[in-house]
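These are the residues of each chain, in order.
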Number of protein chains: 2
Amino acid sequence: MLTQFFQRYMTELDASMRHTVNSRPKFSSDFGVMLRYALGWVDEHDTPYNLPTGKRIRPILLLLSTEAAGGDWRKSLPSAVAVELLHNFSLIHDDIQDNSLTRHNRPTVWQVWGTANAINAGDALFTLAYCALEELASRDIEPQTIIKIWRIFNDTMLELTRGQHLDMSFEHQAIVTTDEYLSMIEGKSAALLAACAQIGALIASNDDELSAAYMEFGLNIGLAFQIHDDILGIWGDPDVTGKSAATDILSRKKSLPVLYGLNKSEKLMSIYQRQTFTANDVTEAVKTLDAVGARKYAQETETTFYNRALAALESANPLSESGRWLKQLVEALFERQH
Amino acid sequence: MLTQFFQRYMTELDASMRHTVNSRPKFSSDFGVMLRYALGWVDEHDTPYNLPTGKRIRPILLLLSTEAAGGDWRKSLPSAVAVELLHNFSLIHDDIQDNSLTRHNRPTVWQVWGTANAINAGDALFTLAYCALEELASRDIEPQTIIKIWRIFNDTMLELTRGQHLDMSFEHQAIVTTDEYLSMIEGKSAALLAACAQIGALIASNDDELSAAYMEFGLNIGLAFQIHDDILGIWGDPDVTGKSAATDILSRKKSLPVLYGLNKSEKLMSIYQRQTFTANDVTEAVKTLDAVGARKYAQETETTFYNRALAALESANPLSESGRWLKQLVEALFERQH
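Residues numbered from 1 in each chain as written. Chains lettered and ligands numbered in written order. Predicted model: local features only at pLDDT ≥ 70, side-chain atom pairs only at ≥ 80, totals over all residues.

S.K.: Summarise the overall build of chain A; cite the residues concerned and give the values.
M.R.: Of regular secondary structure, chain A possesses 16 helices and 2 strands. Taking 338 residues into account, the globule formula puts the C-alpha radius of gyration at 20 Å, and chain A, at 21 Å, falls close to it. Based on the C-alpha atoms only, the size of chain A along its principal axes is roughly 60 × 50 × 35 Å. Looking at chain A alone, contacts between residues at least 24 apart form 69% of all its contacts between residues at least 6 apart. (Helix = DSSP H or I, 4+ residues; strand = E, 2+ residues; numbered from the N terminus. Rg over C-alpha atoms; globule rule 2.2 N^0.38 Å. Contact = placed C-beta atoms within 7 Å.)

S.K.: How would you summarise the interface of chain B and chain A if you had to cite specific residues and measurements?
M.R.: Each partner contributes to the interface: chain B provides 33 residues, whereas chain A provides 33 residues. For the side of chain B that touches chain A, the elements supplying multiple residues, two or more each, are α4 (73-97), α6 (115-134) and α7 (143-170) of chain B. Per-element accounting of the side of chain B that touches chain A gives the leading share, 14 residues, to α7 of chain B. Residue classes in the side of chain B that touches chain A are distributed as 17 nonpolar, 10 polar and 6 charged. (Nonpolar A, V, L, I, M, F, W, Y, C, P; charged D, E, K, R; others polar.)

S.K.: Go over the environment of asparagine 88 of chain B, please, and point to the residues and values.
M.R.: Here asparagine 88 of chain B is to be found in helix α4. Sequence-distant contacts of asparagine 88 of chain B, that is, excluding residues within four places in its chain, are made with Ala38, Leu39 and Leu125 of chain B.

S.K.: Quick one: what's the story with the packing of helix α6 (residues 115-134) of chain A against α4 of chain B, residue by residue and with numbers?
M.R.: Taken N-terminus to C-terminus, the directions of α6 of chain A and α4 of chain B make an angle of 155°; their axes are 9 Å apart at the nearest point. Judged by the angle between their axes, α6 of chain A and α4 of chain B are roughly antiparallel. Seen from above, α6 of chain A lies across α4 of chain B with left-handed handedness. Contact residues: α6 of chain A offers Ala116, Ile119, Asn120 and Asp123 of chain A, while α4 of chain B offers His93, Ile96 and Gln97 of chain B. By residue class, the composition of the contact of α6 of chain A with α4 of chain B is 3 nonpolar, 3 polar and 1 charged. (Axes fitted to C-alpha atoms, helices over the stretch in contact; angles between N-to-C directions. Parallel < 35°, antiparallel > 145°, perpendicular 65-115°, else oblique. Left-handed = near helix turned anticlockwise from the far one by under 90°.)

S.K.: Could you give an account of the relation of the copies chain B and chain A, with specific residues and numbers?
M.R.: In screw terms, the move from chain B to chain A is a rotation of 180° and a rise of 0.0 Å along the axis, fitting with an RMSD of 0.0 Å. Put plainly, the chains are arranged around a two-fold axis. Closest approach to the rotation axis among the C-alpha atoms of chain B is made by proline 143 of chain B, whose C-alpha sits 2.8 Å away. The residues that chain B uses at the interface reappear at the interface of chain A in 100% of cases, marking a shared surface. (Least-squares fit on C-alpha atoms with pLDDT ≥ 70 in both.)

S.K.: Run through the nonpolar core, naming residues and quoting values.
M.R.: Leu125 and Ala129 of chain A together with Leu125 and Ala129 of chain B are the most contacted members of the largest nonpolar core, which has 215 residues in total. If near-sequence neighbours (up to four positions away) are discounted, alanine 129 of chain B is found in contact with Ala82, Leu85, Leu86 and Phe89 of chain B. (Core = buried A, V, L, I, M, F, W, Y, C linked by C-beta atoms within 7 Å. Buried ≥ 20, exposed ≤ 12 C-beta atoms within 10 Å, placed from the backbone.)

S.K.: Before we move on, can you summarise helix α4 (residues 77-97) of chain A with the specific residues and values?
M.R.: Residues and elements named next belong to chain A. Over its 21 residues, α4 runs 30 Å from end to end, which matches the ideal 30 Å to within 8%, given 1.5 Å per residue. Of all 21 residues in α4, 20 are buried, a share of seventy percent or more. Just downstream of α4, asparagine 99 is the residue with a positive phi angle, here 60°. (Expected span 1.5 Å × (residues − 1).)

S.K.: Which residues make up unusual backbone geometry, and what values go with them?
M.R.: Despite not being glycine, asparagine 105 of chain A has its phi angle at roughly 65°, a positive value. Inspection of the secondary structure puts asparagine 105 of chain A in the loop between β1 (102-103) and β2 (106-107).

S.K.: Hey, could you go over helix α8 (residues 178-205) of chain B for me, with residue numbers and the actual values?
M.R.: Residue and element names in this part refer to chain B. Along α8, the helix axis deviates most sharply at alanine 190, where the bend reaches about 55°. With 22 of 28 residues buried, α8 is to be regarded as a mostly interior element. Just downstream of α8 lies asparagine 206, where phi reads positive at about 55°. (Bend = angle between axes of the 7 residues up to and from the residue.)

S.K.: Describe the packing of α8 of chain B against helix α9 (residues 208-235) of chain B, with residues and values.
M.R.: Residue and element names in this part refer to chain B. The contact between α8 and α9 brings their axes to 7 Å, and the two run at 145°. α9 is crossed by α8, and the crossing has right-handed handedness. Here the residues of the contact of α8 with α9 sort into 16 nonpolar, 8 polar and 1 charged.

S.K.: Before we move on, could you go through the confidence of the model for chain A and cite the residues and values that matter?
M.R.: Residue and element names in this part refer to chain A. Across chain A, the average pLDDT comes to 93, with 98% of residues at or above 70. Confidence scores differ between elements of chain A, with helix α10 (residues 238-241) showing the lowest mean pLDDT of 76 and helix α5 (residues 109-113) the highest of 98. Across the predicted assembly, pTM comes out at 0.94 and ipTM at 0.94. (pLDDT = per-residue confidence, 0-100.)

The following block contains the structure:
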């Protein structure tokens, strides 16, 4: 039902994305292929490929926010393309930085073409996001508003790099506080969702106050969603998450519940200092997290952000039908295991 | 004399650059230090450092073009900051891609902080270039013109990534034509100089035709200058260039004269296929290049672009005093050994 509803965006969104990426006559095919591959359209030989593309959460949020704030979603298409390209750019660079070998069950861009090419392909996709945004000028949007959107986009990118920096620093940091962690995910995950909702509402209304409420909505959804993911990473049912049980413990990911636990329990700290983890260590770590209340803390924090998000949305008075879809989108995001 | 003239830009340019980079309260100092280091302001411990910064050719060209086209250079400052930050961003990523260990006699950013951090620092500096451009809005410039400049900036960035891609591809390509090479340097070096002259004139005049002439001027200067450098890399006097004789032969750089020679002479091709080069091989390679007319070809090509640049400038009718300085800047660029 939800997917069907969003389907009406998909054809035009996909066409606009392809237009932005492919209408570059000066780009040789061995350059363009890296971008098309990263976007899930082709295999490494540039052969079209029917990979189910990503969930496109960010552009959907943007387009739906436009409608909920009383605007025409087609007017927002260029910015929806921009946020999706920006997201994909960040994945290319993240995969190099995290040394990730696969994404969506395929080798990452740097695995196929090497680090040097992947850095450059990321830079190109980053630029194409800005190029997509340019197109707003052909959609009867005031230049002043376009500059405002551009500014939001710049600030969001700065937040992404700030969050990424914190995330990488945490690996070498003995003690990370939960506040530091929340600041990191605000930059790395929530800022882009905040921008999506804000830009969508701004294009619809050109109203700073209204779009600030949408921004608040997106930001808190982003925070809640990351914490939701953190909880699933430890307590999620492997059959539902598709990952092994307590996968984030095994990979020693410094997620919110883990950081809470490490700051509360010397036992957990000593487990985390072991060179390798046995299955028993993992079980013991999860038990300790439960005992110190890490799960409860994470759930309560998630709920706080979730409620803030809904309150912000409420205050924005979304149009009845699109507002309902927006709430359904949010519920679907969190429903994976609730 | 020339340096003295440009000195009047430097204080404000430097202050604006520092403002753009340093006025980010959310950036921790261990993040900001990488950007300040890359810009030559501090050492790796964030201690201020009196390194003579780069020559700032790009912002100077932009500001001088503004004046030559009849405008106030201060109005152009934000875009001058933007092009200099963009240039420095590209150096951070280039150094990773080329595996370069030092720049300006200091370890490169990735050498000090690792590849992952250097990619991210580059991304941040890239974004800050766009942030600098935003500031045009506070300089009494029409939003329409700002969007035009932003478009030029996007196109320039795409050209940079295209040129970089070609440059990296050449390493694995048995035969590279001189046309392919010229297309590469157009993207990698000349496009940014073209944008500098064009943006400067656009801010001064808001005249598309006039700024196109300046663009033509900058583009051809960029092409001529790269070829000039290629010639010095083989025939330059080590005492003047500060590099060892025939340094580009030793590093097997596929510069314009070398490509011309490889396409003309099987002897040179066979020298280039040797695993290692002896001093004798280098001498022989240079002799062969001279014999097949590679030096003459490169010099003539340089002259063609140089003359095109001056003709474009002539057609733009630069104001007498700034026009003279613009010509002197160009002459100074090429005077290193002429």
